[in-house]
Amino acid sequence: MGCFVYCFLGTSKDITLGPTAIMSLMTADFAHTPVKDDATYAILLTLVGGLIQLAMGLFKLGFLVNFISFPVINGFTSAAAITIAVSQIKNLLGLKGVRRDFIYCVYDTARKVPETKVWDLVMGLICMAILIILKQVKELKFRDNGSPSTKVKVARKVLWLVGTGKKKVTGSILLNTNVP
């Protein structure tokens, strides 16, 4: 339910996006099968994770989370953020043939920097600039001199909606652009 609320409002107290990315990284590392594009191990890993969560809920073991210190959680989240950022650099530069493991990804990316596709880099930087601008648009504060008209209210809502959907806006720009 939280995902649907997030789609329309851009926020939800019931959805956490950070741990989802971390779990996706961990699943990608452990869910390789000999068959190409086979999701059997990922589904099995999801089932086992769900069963563990169900058992912990039934036995009321949620208090165990309190024993995980904040620096450990912070370090884990920071490491995941660094891993995600490093893995995206190859896409920003338009590099092909870069291995997935962290150390190899850093090495291959550094080695292949001269092979950077300029238009991929330009498109990535433009989209990042659009994301920053749209974030600022969403956070605009308006001064009201009296009661704003209906047109002003609608314009403000449209700006807020576009700012909230910033990832969708840049995604549609990327999908509708043929970069050589």
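This text goes with the structure placed above it.
Let me sum up the structure you'll find in this document.

What counts and what doesn't
Residues numbered from 1 in each chain as written. Predicted model: local features only at pLDDT ≥ 70, side-chain atom pairs only at ≥ 80, totals over all residues. Heavy atoms only, no water. Helix = DSSP H or I, 4+ residues; strand = E, 2+ residues; numbered from the N terminus. Buried < 20%, exposed > 50% of the residue type's maximum accessible area, 1.4 Å probe, protein only. Contact = heavy atoms within 4.5 Å. Areas by Shrake-Rupley, 256 points an atom, 1.4 Å probe, with all protein chains shown as cover. Phe/Tyr/Trp six-rings, centres within 6.5 Å; stacked < 30°, edge-to-face > 60°.

## Examining the overall build of the protein
Move 1: Along the protein, the regular secondary structure elements total eight helices and zero strands.
Move 2: When the elements of the protein are put in sequence order from the N terminus, they spell out α-α-α-α-α-α-α-α.
Move 3: Counting only residues that meet the buried cut, the protein has 16% of its 180 residues in that class.
Move 4: Pairs at least 24 apart in sequence give 46% of the contacts found in the protein among residues at least 6 apart.
Move 5: Roughly 14200 Å² of accessible area belongs to the protein as shown, and the carbon and sulfur atoms make up 70% of that amount.

## Side note on unusual backbone geometry
Move 1: Unusually for a residue other than glycine, Asp-37 sits at a positive phi of about 60°.
Move 2: Here Asp-37 lies in the loop between α2 (18-30) and α3 (40-58).
Move 3: Note on Asp-37: relative accessible area 73%, which makes it exposed.
Move 4: Even without being glycine, Lys-60 reaches a positive phi, approximately 50°.
Move 5: Tracing the chain through its elements places Lys-60 in the loop between α3 and α4 (70-93).

## Focus on the packing of aromatic side chains
Move 1: The tally for this structure, following the rule as stated, stands at one aromatic pair.
Move 2: Summarising the aromatic geometry, the rings of Phe-63 and Phe-67 are spaced 6.4 Å apart at their centres and angled 80° between planes, so their arrangement reads as edge-to-face.
Move 3: The partly exposed category is assigned to Phe-63, whose relative accessible area is 45%.
Move 4: Residue Phe-67 is classed as exposed on the basis of its relative accessible area of 65%.

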